[in-house]
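# Chains, contacts and geometry: an overview
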Amino acid sequence: MADSYSEAGELINVCPLGSQLESMKTTTLVKTDHLQIIRLIMQAGKSLPNHSAPGILIIQCLEGRVIFQCLGKTHELSPGHMLHLPPAESHAVECLETASLLLTIFNTPAPNGA
């Protein structure tokens, strides 16, 4: 089955999932050569070890709570909190309460000749 992403101009609902949160899965909402938007669903008690994104990363907490480690700091994200990281910055996530996070990755093209 081919991946299905939102088309330009298509309305995307990123409202809190509420009672449906526990049964939802991570979904890529938008994917182009230079932009990716993902609704990441994490279950309480789960974690993502150190990793990095290929571009600038913006993390928005839509619901739940996570511990986010990056740039030598530890942050607790809850609904309404947002962080951004430079390209390829290592980070780790620990989920305190089942959470929905909106991840936006801007993949900047390599300079000419690189």
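Everything that follows concerns the structure shown earlier in this document.
Rules used throughout
- Residues numbered from 1 in each chain as written.
- Predicted model: local features only at pLDDT ≥ 70, side-chain atom pairs only at ≥ 80, totals over all residues.
- Heavy atoms only, no water.
- 1 Å grid on protein atoms, 1.4 Å probe; cavity = no way out; pocket = protein on both sides within 12 Å on 5 of 7 lines; lining within 4 Å.
- Points joined across faces, edges and corners; volume = space filled by probe spheres on them.
- Helix = DSSP H or I, 4+ residues; strand = E, 2+ residues; numbered from the N terminus.
- Nonpolar A, V, L, I, M, F, W, Y, C, P; charged D, E, K, R; others polar.
- Core = buried A, V, L, I, M, F, W, Y, C linked by side-chain atoms within 4.5 Å.
- Buried < 20%, exposed > 50% of the residue type's maximum accessible area, 1.4 Å probe, protein only.
- Contact = heavy atoms within 4.5 Å.

With that settled, the discussion passes to the layout of surface pockets. The calculated volume of the largest pocket comes to roughly 190 Å³. Around the largest pocket, the lining comprises 15 residues; the ones closest to its centre are Leu40, His51, Leu57, His91 and Leu103. Elements with a contribution of two residues or more to the lining of the largest pocket: strand 2 (35-42), strand 3 (47-51), strand 4 (56-70) and strand 7 (91-106). Counting residues per element, the lining of the largest pocket draws most heavily on strand 7, which supplies five residues. Among the residues forming the lining of the largest pocket, the class breakdown is eleven nonpolar, four polar and no charged. In this structure, the second largest pocket encloses a volume near 150 Å³. Lining the second largest pocket, in full, are Asn13, Cys15, Leu17, Met24, Lys25, Thr27, Leu29, Arg39 and Ile41. Those elements that provide at least two residues to the lining of the second largest pocket are strand 1 (27-31) and strand 2. The residue makeup of the lining of the second largest pocket, split by class, is five nonpolar, two polar and two charged.

A few words now on the nonpolar core. One finds Leu57, Ile59, Val66, Phe68, Leu77 and Leu103 to be the most contacted residues of the largest nonpolar core, which totals 19 residues. Among the elements of the structure, strand 2, strand 4, strand 6 (82-85) and strand 7 are those that each provide at least two residues to this core. Ignoring any residue separated from it by four or fewer positions in sequence, one finds Leu57 in contact with Leu83, His84, Leu85, His91, Leu103, Thr104 and Ile105.

On the secondary structure map, Lys31 appears in strand 1. The class of Lys31 is partly exposed, set by a relative accessible area of 45%. On a C-alpha basis, the gap between Lys31 and Leu102 in space is 14 Å, while along the polypeptide they are 71 residues apart. When sequence neighbours within four positions are dropped, the list of residues in contact with Lys31 reads Tyr5 and Gln36.

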